[in-house]
Amino acid sequence: MISDATTCVICPAGRYQNTSASYLCDSCPAGETSEKGSAVCESCVPGRYAASKASEVCNQCEPGKYQDGYRSTTCLECSSSDHLYSREGDPDCSHCIAL
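Residues numbered from 1 in each chain as written. Predicted model: local features only at pLDDT ≥ 70, side-chain atom pairs only at ≥ 80, totals over all residues. Heavy atoms only, no water.

Another aspect to go through is the pattern of salt bridges. All chains considered together, the criterion is met by two salt bridges. The partner of R71 in a salt bridge is E32, with the nearest N and O atoms 2.6 Å apart. Residue R71 is found in the loop between β7 (65-66) and β8 (76-77), and its partner E32 is found in strand β3 (residues 32-33); the two are separated by 39 residues along the sequence. Salt-bridge contacts for K65 lead to E77; the nearest nitrogen and oxygen are separated by 3.6 Å. On the criterion of sequence distance, the pair formed by K65 in strand β7 and E77 in strand β8 is long-range, its members being 12 residues apart. (Salt bridge = Lys/Arg side-chain N within 4 Å of Asp/Glu carboxyl O. Helix = DSSP H or I, 4+ residues; strand = E, 2+ residues; numbered from the N terminus.)

This is how it looks when you write it as structure tokens:
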């Protein structure tokens, strides 16, 4: 937020401004992000998440975790009892194959 209302601002990543002639930026909700200067927020895609509001990026799920939905705020664990695994940023888990 700026103290002088005579200055236009470009919103930083993770924030947006969808009202013309406004000098305030709103935070993107958790599960979404935006690029610098955006008028809207974009949902995180499967395999990525944004845990908090005003996130600058959607992070990739760590190996062993996945996310198959949009607008996610967390990643889910692959089940080790079912011999499942995932690589970084995977939208789902895969079965281990015996070699």
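Once that is clear, we can look at the state of the cysteines. This structure, assessed with the given rule, holds five disulfides. Paired by a disulfide, C44 and C58 hold their sulfur atoms 2.1 Å apart. The disulfide joining C44 to C58 has a torsion of about -80° about its S-S bond and is therefore left-handed. Separated by 14 residues along the polypeptide, C44 in the loop between β4 (42-43) and β5 (48-49) and C58 in the loop between β5 and β6 (59-60) bring together distant segments of the chain. One disulfide in the model links C61 with C75; its S-S distance is 2.0 Å. Handedness of the C61-C75 disulfide follows from its S-S torsion of about -80°: it is left-handed. One end of the pair, C61, is in the loop between β6 and β7; the other, C75, is in the loop between β7 and β8, with 14 residues separating them in the sequence. One exposure class covers both C61 and C75, and it is buried. The disulfide pattern of the protein chain is 1-2, 3-4, 5-6, 7-8, 9-10 when the bonded cysteines are numbered in sequence order. (Disulfide = S-S within 2.5 Å. Buried < 20%, exposed > 50% of the residue type's maximum accessible area, 1.4 Å probe, protein only.)

None of this, on its own, says anything about what the molecule does.
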